[in-house]
Amino acid sequence: MDTHYAQLDAWIAAHFEEEVRFLQALVQVPTDTPPGNNAPHAEAAAELLQAMGYQAEKHVVPEAEVRDYGLQSLTNLIVRRRFAEDGPVIALNAHGDVVPPGEGWTHGPYSGEIVDGQLYGRASAVSKSDFATYTFALRALESLGPPLKGGVELHFTYDEEFGGELGPGWLLQQGLTKPDYLLAAGFSYQVVTAHNGCLQLEVTLHGLASHAAYPHTGVDALQAANQLLSALYAHNALLKTRLSQVPGISHPYLNVGRIEGGSNTNVVPGKVVIKLDRRMIPEEDPAAVEAEVRALIESTVAACPGIRLEIRRLLLAHPMTPLPGAAPLVAALQQHGETVFGEPIPTSGTPLYTDVRLYTARGIPAAIYGAGPRTVLESNAKRADEHVALADLQRATQVVARTLYELLKHS
């Protein structure tokens, strides 16, 4: 048996308090998106990394691109550690941006407070925890004596909540990285190898505003929106019959997440804006999905006299499907996960969409694994009192470090 695995575990245990402090410091710098002023967090993370001996490359996305995208500032980080010219480069990606905390917290959302073995704070689980998991897994790997092949890159990015195009998408498009494998932030009890895609559309219905005392002089955009909403929600009955074969993923779903319209209670609404989210299973074709949704909207609104329709695509995130080349990475994560956690670590899909699709779209084999509970709901991610169990953080760091060693050791 290779004794280096025990050495990795021992190093992580000896440095775990430092790892926890690192995560606390990351949680204590807000990265609410929106508004998306995330460059300060990248600066803070780079300083923390520098104190550990890592020089983080700061890749600043141009301000005009960031503001056109609806954010305020964005700096992505890359740390490169090359052990040898031969061998694979494994990139580890976690995102620092997160939705605003909202209400209902019993622990400060930026506190990093620890209670009963749980570290609380917005992004403590998704996914600043894996800034810590991946950084300390790399540090543990470097502590070993024997020479290694290949290399490791840390990709800390800040655009997952808006789709990733200015995070990993921007780094890949600029040619700043081209790893052989990609491991992205996830949870500890399964290796995710597939995920849903997502289409988001903004639908604007233009009618004609008029005084409510003379409704016949206007064209009610809200009545048209009511017909459209009924058609969209009815469409879910059809979508529920399209079952995915990927464990962890059920069927497509359409959700209307935001509606804006009208000007006053005594005015016939002249304009209504609807924003919708259509989740697509890995088996679906994104172009066909978009065409189907647009056709449904157009045919429904066409039956509403006097209504002018505008449809604008906000996001088209393709599903992630497994690439054959990911098998060694997935197998290593499962093997070491079972050893460390004492139970089988299955592969599964997730109904979420992630930045990982941007890597697999370029042919980079990928998997999703990191620190966290069995489900997103258990972590309270995107809800009040988000938290990560410190036991999961430590064990996930062991699993990642062991996996890196297995893939980069000389046979």
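Structure: see above.
Below, the structure is looked at part by part. These numbers come from a predicted model, not from an experiment. (Residues numbered from 1 in each chain as written. Predicted model: local features only at pLDDT ≥ 70, side-chain atom pairs only at ≥ 80, totals over all residues. Heavy atoms only, no water.)

1. Remarks on the packing of helix 2 (residues 16–27) against helix 3 (residues 39–51)
Step number 1: Here helix 2 crosses helix 3 at 160°, and the two axes come no closer than 10 Å. As judged from the angle between their axes, helix 2 and helix 3 are roughly antiparallel. Our pair here, helix 2 against helix 3, has a crossing hand that is right-handed. Seen from helix 2, the contacting residues are Phe 22, Ala 25 and Leu 26; seen from helix 3, they are His 41, Ala 45, Leu 48 and Leu 49. (Axes fitted to C-alpha atoms, helices over the stretch in contact; angles between N-to-C directions. Helix = DSSP H or I, 4+ residues; strand = E, 2+ residues; numbered from the N terminus. Parallel < 35°, antiparallel > 145°, perpendicular 65-115°, else oblique. Left-handed = near helix turned anticlockwise from the far one by under 90°. Contact = heavy atoms within 4.5 Å.)

2. Examining the nonpolar core
Step number 1: Within the largest apolar cluster, 71 residues are counted, with the highest numbers of intra-cluster contacts made by Leu 92 and Tyr 369.
Step number 2: With 10 residues, helix 12 (residues 390–408) is the single largest residue contributor to this core.
Step number 3: With near-sequence residues (within four places) excluded, Leu 92 lies in contact with Tyr 134, Val 152, Glu 153, Leu 154, His 155, Leu 183, Val 400 and Leu 404.
Step number 4: In terms of nonpolar packing, the next biggest core, distinct from the first, is built from 25 residues, Val 203, Leu 228, Leu 232 and Ile 274 among them. (Core = buried A, V, L, I, M, F, W, Y, C linked by side-chain atoms within 4.5 Å. Buried < 20%, exposed > 50% of the residue type's maximum accessible area, 1.4 Å probe, protein only.)

3. Quick notes on the side chain of Thr 177
Step number 1: Examined against the element boundaries, Thr 177 turns out to sit in the loop between helix 6 (168–173) and strand 7 (181–184).
Step number 2: A distance of 2.7 Å separates polar atoms of two side chains, one belonging to Thr 177 and the other to Glu 153.
Step number 3: Looking at Thr 177, its side chain comes within polar contact range of the side chain of His 155, at 3.3 Å.
Step number 4: When neighbours within four sequence positions are excluded, Thr 177 is seen to be in contact with Ile 78, Glu 153, His 155, Leu 171 and Leu 172. (Polar contact = N/O pair within 3.5 Å; in protein donor to acceptor, adjacent residues only side chain to side chain.)

4. Focus on the environment of Gly 112
Step number 1: Within the fold, Gly 112 resides in the loop between strand 3 (89–95) and strand 4 (114–115).
Step number 2: Residues Gly 112 and Thr 350, 238 residues apart in the sequence, show an inter-C-alpha distance of 27 Å.
Step number 3: With sequence-adjacent residues up to four places away left out, Gly 112 is seen in contact with Gln 24, Val 27, Leu 119 and Tyr 120.

5. Section: the environment of Arg 383
Step number 1: Topologically, Arg 383 is positioned in the loop between helix 11 (376–379) and strand 17 (387–389).
Step number 2: It is 39 Å that separates the C-alpha atoms of Arg 383 and Arg 82, two residues lying 301 residues apart in sequence.
Step number 3: Those residues in contact with Arg 383 that sit more than four places away from it in its chain are Trp 105, Arg 122 and Leu 377.

6. Quick word on helix 7 (residues 221–239)
Along an α-helix, a turn takes 3.6 residues, which lines up residues three or four apart on a common side.
Step number 1: Over its 19 residues, helix 7 runs 27 Å from end to end, which matches the ideal 27 Å to within 8%, given 1.5 Å per residue.
Step number 2: Every buried residue belonging to helix 7 is among Ala 221, Ala 224, Ala 225, Leu 228, Leu 229, Ala 231, Leu 232, His 235, Asn 236 and Leu 239, and all of these are buried. Viewed along the axis of helix 7, the buried residues span an arc of 170°, placing them on a single side of the element. Of the residues in helix 7, the exposed ones pointing more than 90 degrees away from the buried face are Gln 223 and Ala 237.
Step number 3: N-cap assignment for helix 7: the residue whose side-chain oxygen lies 2.8 Å from the backbone N of Leu 222 is Asp 220. (Expected span 1.5 Å × (residues − 1). Arc of directions from axis to C-beta.)

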